[in-house]
Amino acid sequence: MIGGHPAFNIDSLPVELHFSNKSDYYFLKDGVIDRSISYEIEENTLSIDSETFRNDALVFYNDFKNCQVILGGEIVMIYDSELFGVWAH
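Residues numbered from 1 in each chain as written. Predicted model: local features only at pLDDT ≥ 70, side-chain atom pairs only at ≥ 80, totals over all residues. Heavy atoms only, no water.

### Quick look at the packing of aromatic side chains
Phase 1 of the analysis: Scanning the model with the defined rule gives eight aromatic pairs in all.
Phase 2 of the analysis: Look at Tyr 25 and Tyr 39: their rings are 5.3 Å apart centre to centre, the planes differ by 25°, and that puts the pair in the stacked class. Taken together, the positions of Tyr 25 in strand β2 (residues 24–29) and Tyr 39 in strand β4 (residues 39–40) put the pair 14 residues apart, joining distant regions of the chain.
Phase 3 of the analysis: Its relative accessible area of 30% is what places Tyr 39 among the partly exposed residues.
Phase 4 of the analysis: Ring centres of Tyr 79 and Phe 84 lie 4.6 Å apart, and the angle between their planes is 20°; this geometry places the pair in the stacked category. (Phe/Tyr/Trp six-rings, centres within 6.5 Å; stacked < 30°, edge-to-face > 60°. Helix = DSSP H or I, 4+ residues; strand = E, 2+ residues; numbered from the N terminus. Buried < 20%, exposed > 50% of the residue type's maximum accessible area, 1.4 Å probe, protein only.)

### Topic: unusual backbone geometry
Phase 1 of the analysis: Note the cis peptide between Leu 13 and Pro 14, where omega equals 5°.
Phase 2 of the analysis: Mapped onto the elements, Pro 14 comes out in the segment before β1 (15–19).
Phase 3 of the analysis: Phi angles above zero are rare outside glycine, and Asp 56 is one such case at about 100°.
Phase 4 of the analysis: You can see Asp 56 is positioned in the loop between β5 (45–48) and β6 (58–61).

### What about the layout of surface pockets?
Any empty space left between the atoms is revealed when a probe the size of a water molecule rolls over them.
Phase 1 of the analysis: One number sums up the size of the largest pocket: a volume of about 1100 Å³.
Phase 2 of the analysis: Forming the walls of the largest pocket are 34 residues, and the residues nearest its centre are His 5, Pro 6, Gly 85, Val 86 and Trp 87.
Phase 3 of the analysis: Elements supplying a minimum of two residues to the lining of the largest pocket: β1, β6, β8 (75–79) and β9 (83–86).
Phase 4 of the analysis: At four residues, the largest contribution of residues to the lining of the largest pocket is made by β9.
Phase 5 of the analysis: Tallied by class, residues from the lining of the largest pocket come to 25 nonpolar, eight polar and one charged. (1 Å grid on protein atoms, 1.4 Å probe; cavity = no way out; pocket = protein on both sides within 12 Å on 5 of 7 lines; lining within 4 Å. Points joined across faces, edges and corners; volume = space filled by probe spheres on them. Nonpolar A, V, L, I, M, F, W, Y, C, P; charged D, E, K, R; others polar.)

### Remarks on the sheet that holds strand β7 (residues 67–71)
Two pairing modes exist for strands in a sheet, parallel and antiparallel, and in both the strands are linked by backbone hydrogen bonds.
Phase 1 of the analysis: With antiparallel pairing, the four strands of this open sheet are ordered in space as β5-β1-β7-β8. In this open sheet, the two edge strands, each paired with only one partner strand, are β5 and β8. Averaged over all pairs of adjacent strands, the angle between their axes in this sheet comes to 20°, without regard to strand direction.
Phase 2 of the analysis: Strand direction decides the pairing type here: β1 and β7, joined by three bridges, are antiparallel. Bridging from a neighbouring strand, Phe 19 pairs with Val 69 of β7. (Pairing = 2+ DSSP bridges. Axes fitted to C-alpha atoms, helices over the stretch in contact; angles between N-to-C directions.)

This is how it looks when you write it as structure tokens:
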């Protein structure tokens, strides 16, 4: 999959991601989505802190389209894709 993305500068951690739909996530392994282990998000909210990306990016997967993600209660993103990636620089 190829895609473009916005970038957001988050000054303080932790910050929460709130998903409008149930969403599981995976880590990358050698630059590829490792679907051998999925991780569940409890109550559609995931707290992002300094340890979140120690194993690389998170890739969220769901069966729904037109998903909404709220970042830190301020930034609302709506996406129309099965996959949604989050990582830190």
